[in-house]
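Structural characterization, general
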Amino acid sequence: MHPRTPSLRPAALRLAGALALLAFSAGVSAMQHEHAAAQPASAAQAPDGKKPAEIIHPLVDPGVATLPARRDAQLAAAKAWKVLHDFRFTDRQPESGITFKHEIVDDAGKRYKAVHYDHGNGLAVADVDADGLLDLYFVTQLGDNQLWKNLGNGKFKDVTAEAGPGLAMTDSIGVAASFADVDNDGDPDLYVTTVRKGNHLFANDGKGRFKDVTAESGLGYVGHSSGAVFFDYDRDGFLDLFLVNVGSYTTEEVGRGGYFVGRLDAFTSDRYPERSELSRLYRNTGGLRFEDVTERTGLKDSGWSGDASFVDFDGDLWPDLYVLNMQGHNHYWENEGGKRFVDRTGAHFPKTPWGAMGIKWFDHDNDGLLDLLITDMHSDMPRNFAPDEEKRKFVPAIEDDGRNLWGNAFFKNLGEGKFAEVSDGLGLENYWPWGVSVGDVNADGFEDVFITSSMNYPFRYGINSLLLNDAGEKFLDAEFVLGVEPRRGGRTHTPWMTFDCAGADKALERCKDAEGTTQVLATLGSRSSAVFDLDRDGDLDIVTSDFNSEPQVLVSDLAQRKRDLRWLEVELRGTRSNRDGLGALVKVTAGGKTQLRQHDGKSGYLSQSSMPLYFGLGGATQVEKVEVLWPSGQKQTIPGAQVKVNATLEVVEEAPRG
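This section reports on the structure supplied with the text. (Residues numbered from 1 in each chain as written. Predicted model: local features only at pLDDT ≥ 70, side-chain atom pairs only at ≥ 80, totals over all residues. Heavy atoms only, no water.)

The next subject is the sheet that holds strand β18 (residues 320–323). If you trace the 4 strands from one edge of the open sheet to the other, you get β17-β18-β19-β20, paired in antiparallel fashion. The sheet is open, and its two borders are formed by β17 (308–311) and β20 (340–343), each paired with just one other strand. Between one strand axis and the next, the sheet turns through 25 degrees on average, direction left out of account. (Pairing = 2+ DSSP bridges. Helix = DSSP H or I, 4+ residues; strand = E, 2+ residues; numbered from the N terminus. Axes fitted to C-alpha atoms, helices over the stretch in contact; angles between N-to-C directions.)

Right, let's get into the sheet that holds strand β2 (residues 89–91). Read from one edge to the other, the open sheet built from 4 strands follows the order β2-β35-β34-β33, with strand pairing classed as antiparallel. Edge strands, defined here as strands with exactly one partner in the open sheet, are β2 and β33 (526–532). Averaged over neighbouring strand pairs, the angle between their axes works out to 20 degrees when direction is ignored.

Attention now moves to the pairing of strand β25 (residues 409–415). Put simply, side chains in a regular strand alternate between the two faces of the sheet. Most of β25 sits inside the fold, with 5 of its 7 residues counted as buried. Bridge count for strand β23 (residues 371–376) against β25 is 3 bridges, and the pairing is antiparallel. Its bridge partner lying in β25, I374 is registered against A409. Pairing of β25 with strand β26 (residues 418–421), which is carried by 4 bridges, proceeds in the antiparallel orientation. Counterpart to N413 in the pairing with β26 is F419. Counting the residues that bridge the hairpin from β25 to β26 gives 2 residues, and of these E416 lies at a positive phi of roughly 55 degrees. (Buried < 20%, exposed > 50% of the residue type's maximum accessible area, 1.4 Å probe, protein only.)

Residues E103, D144, D158 and E162 make up a contiguous surface patch of negative charge. Tracing the sequence through the fold places D158 in strand β6 (residues 155–158). Since its relative accessible area comes to 33%, D158 is described here as partly exposed. (Patch = residues over 30% accessible without salt bridge, like charges linked within 9 Å, V, L, I, M, F, W, Y side chains within 5 Å. Areas by Shrake-Rupley, 256 points an atom, 1.4 Å probe, with all protein chains shown as cover. Salt bridge = Lys/Arg side-chain N within 4 Å of Asp/Glu carboxyl O. Lys, Arg positive; Asp, Glu negative; His and termini not counted. Charge placed at Lys NZ, Arg CZ, Asp CG, Glu CD.)

Another point: the state of the cysteines. Per the stated rule, a full pass over the model turns up 1 disulfide. The partner cysteine of C501 in its disulfide is C511, sulfur to sulfur 2.0 Å. With the S-S bond torsion at -75 degrees, the cross-link from C501 to C511 turns out left-handed. Residue C501 is located in the loop between β31 (493–500) and β32 (517–523), and its partner C511 is located in the loop between β31 and β32; the two are separated by 10 residues in the primary sequence. The pair C501 / C511 is uniform in exposure class, with both members buried. (Disulfide = S-S within 2.5 Å.)

Right, let's talk about the environment of V628 for a bit. Checked against the element boundaries, V628 lands in strand β41 (residues 623–629). Residues V628 and G581 lie 47 residues apart in sequence; the distance between their C-alpha atoms is 9.9 Å. Each residue touching V628, except ones within four places of it in the same chain, is listed here: L572, A584, L585, V586, Q634, K635, Q636 and V651. (Contact = heavy atoms within 4.5 Å.)

Our focus in this paragraph is the packing of aromatic side chains. On inspection of all chains with the given rule, the structure shows 26 aromatic pairs. On the basis of an interplanar angle of 15 degrees and a centroid distance of 4.8 Å, the ring pair of F100 and F138 is categorised as stacked. Taken together, the positions of F100 in the loop between α4 (93–96) and β3 (123–126) and F138 in strand β4 (residues 135–138) put the pair 38 residues apart, joining distant regions of the chain. When sorted by exposure, F100 lands in the same class as F138, which is buried. Members of the aromatic cluster, each reached through a chain of ring pairs, are F313, Y322, Y332, F349, W361, F411 and F419. In this arrangement the basic side chain of K110 is found over the ring face of F499, its NZ or CZ atom lying 5.9 Å from the centre. Between R275 and the ring centre of Y272, over which it is positioned, the NZ or CZ distance is 4.2 Å. (Phe/Tyr/Trp six-rings, centres within 6.5 Å; stacked < 30°, edge-to-face > 60°. Lys NZ or Arg CZ within 6 Å of the ring centre and 35° of its normal.)

Bringing the environment of V175 into the picture now. Among the structural elements, V175 can be located in strand β7 (residues 174–180). Distance in space between the C-alpha atoms of V175 and V586 is 30 Å, their sequence separation being 411 residues. Beyond its immediate stretch of four places on either side in the chain, V175 contacts G120, N121, G122, V139, T193, T194, V195, S225, S226 and L606.

Following the sequence through the fold, N404 ends up in strand β24 (residues 404–405). Within the local environment of N404, its side chain forms a polar contact with the side chain of H329, the two groups lying 3.2 Å apart. Not counting the four nearest positions on each side in its chain, N404 is found in contact with H329, K351, T352 and W354. (Polar contact = N/O pair within 3.5 Å; in protein donor to acceptor, adjacent residues only side chain to side chain.)

Overall, the coordinates contain 40 salt bridges when judged by the stated rule. Between D106 and R256 there is a salt bridge, and its shortest N-O distance comes to 2.8 Å. Note that D106 is positioned in the loop between α4 and β3 and R256 in the loop between β13 (250–254) and β14 (260–262), a separation of 150 residues in sequence. For R256, a relative accessible area of 47% corresponds to the partly exposed category.

Here the focus is unusual backbone geometry. Leaving glycine aside, a negative phi is the common case for residues, and trans is the common case for peptide bonds. The omega torsion of the bond from H57 to P58 falls at -15 degrees, within 30 degrees of zero and hence cis. The backbone of N366 sits at a positive phi, close to 55 degrees, despite the residue not being glycine. By the secondary structure assignment, N366 is in the loop between β22 (356–362) and β23. Even without glycine at this site, R536 takes up a positive phi of about 55 degrees.

Now for the nonpolar core. Core analysis: the largest hydrophobic core is formed by 43 residues, its most contacted members being Y117 and Y249. Among the secondary structure elements, those contributing two or more residues to this core are β7, β14, β31 and β32. Of the residues forming this core, the biggest block, 3 residues, is contributed by β31. What Y117 contacts, discounting residues up to four positions off in sequence, is V105, D107, Q141, I173, V195, Y249, T250, Y259, F260, G262 and F547. L219, V229, L299 and V323 belong to the second largest nonpolar core, which has 31 residues in total. (Core = buried A, V, L, I, M, F, W, Y, C linked by side-chain atoms within 4.5 Å.)

Here's what the structure looks like:
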C-alpha cells in the first residue's frame, strides 16, 4: 500500500502534475547549461565558416550509460525463453534510400517549452499506385511531408513532387496522416492534419497521383487537430471521419516557419474550459463530400485527446469509439444504431489511464475477444525514473477522483462487456510511451507489441520497447535481443539545434555567457511506427517516425533464418461494405487454432494505414478456413482448399444469400 495525503480536486492534481513536468524540464535544462562542455566539432558550418563547438545533452545520461548492462541482462533472460526469438532486426535506413528527416518547430528546440508540439508526428502506409508494394508517407512539422514509393527489395524513392501539387504541405505544421478509400474507387486517399494550418484531403487517381479536394470535401478544419480515424459509423458503405482535436495550446505569436508559438502554461490548459476544442464527427455523403454531424449524433468529446480507435466488442455491428484523453478521463462512446453516440465509459471502463497517448485493440491470447492496450505517457512526467524503474507505474502521492489509472493499461476482454486491467501481470508497462503497433513479428500465431518511447531534448535517452507475446500468458521485453536497441552504430544522439551567439540568437538565454556558434546534440527518440512486410519476404518489418531525425527502417531476417516460415495475408474488398472493409473481423483457423484480427488500419500513434492483415501460422502447414464478418453483417467463409499459404488472399465480399 502507498501512503495517501488528503484528497484534492482533480484539477489540482492535473495542475500539480503539469507544474512538476515544467519544473523538471527547467531543472534538466539548467543543469545541462551549467555543466555542458565543448566536445569535438561536428561537420556543420557556422555563419562565419568555422566549425561550431559541440555540446551533448544531457552530459550525464543514465539512459545511455545503462544500455550495455540492459542488453546483457535481456540476453541472459532470453536463454530461458520458449518463444521464438532467433532472428534480428537491422536498421536499413541508409540502404533504403529514404532521406526524409523530421524537422521540429522551435518550441521543441531553441525556445523549448513543455507544449504539445513535442508529441511529434505520424506516418501512414498504403499501396498508393497498385503495384503490390506498400509505400510510406511521412509527416513533419517544418519542411516537407514526403511520399516514398516502394521499389521492392527494401528500396524506396521520393515521389512527393510527381505525386501531386500540395502533397508536401510545406511548413504546414503537420500532425497525423491517414490513408483510407473514402470514395470507394479502389485506391487509398490521404488525409493530413495540422496545427492551425488547415487539414487536407487528397484524392488518389489510382495511379499514385493525388489531387487536393479539401475545399469541396468540407474537411478543411482549422484548429489544434491530431489523429484522424476513418470508420463507417452508420454502415452505409462509405467511410466517415472522426477528427481528434486536442485543445488550444498555442498563442497568436508566430514563430519561425509560420508555426503558432505554444502557451507557457499549455499543460494546465485543461483547467480552462474556454481552451477546449471539440473533436468532430464527419459523415461521408458520397462524392468526396462530408457533413459535420457532431452535434446531431451527440458525440461531443471535449477531452484533451490526441488519438482514438473504433471497435465493436458488443457484437451489434455498430462501431463504437474509444477516445483517449492525455490529461484526464478517457471516453468510450457507444454507437446507437448509427444515429447517436452515448458515453458508456463507466459501465465498461470505470478507471482509465490519466495520460493516455496510444491505443490498439487486438486479441492477445487468441480467445476470440478483442482486448485493449493503452499507453500512458503523461503519468511518467512528474518524476524522473531511473532505467531500472521503467517497468514500474507512477503512483501519485495525492488522491484523485478514483477514476484514474497511472501508467499503461491492458484491458483484457472477459466477455459480456466486462474488462479486467492486467497490464502489470502481462509485463506491458514501459517508460515515456507514445504509439502502439501490433503484429506477429515472429510468426508464431500470437501478436507482438512495438511501443515507440522517448522524450528527446532536454531529457535522457529512452528506449523503444519490443515485446514478444509468450502464447498469450505474458509479454517479454525483447528490444535488445532482437536488435532494435541499441540503435544502428550505437547512435543515441542527433544534431538538434545550432546557436549563433554572435548573430541571430545572441538574445537567447543559451547565449548569455557564450560566444560564437554552438551545435547542440540531443537524444534520439521515436513517436510512431508501422509494422508491415516492406520487402515482401514474408516476415514483418518496422518503420518508425522519429522526432527531429530520420526514421528507422528495421528489416527483419526471420524469413532468411526460418526456412519453414508459414504465414498468410488477407486483403479485403468490400462491396456492400466500405471498399476497404474497415471494421471487418477476420478469423484464420490453422493447425486447429484460430486467430482473430479487427481490420481497423490502426498502425501507430497519429496514423491510420491501408494494409493487408498478417497472420503468422506457427507450425501449421495449411489453413483450414478463413472467416470474415463484414461491416454490412454479411458472414463469409473461405474453405482451406482455396487458401494458399505464404501468399496474399484477396477476399471479395459476397452478395447476401436468400
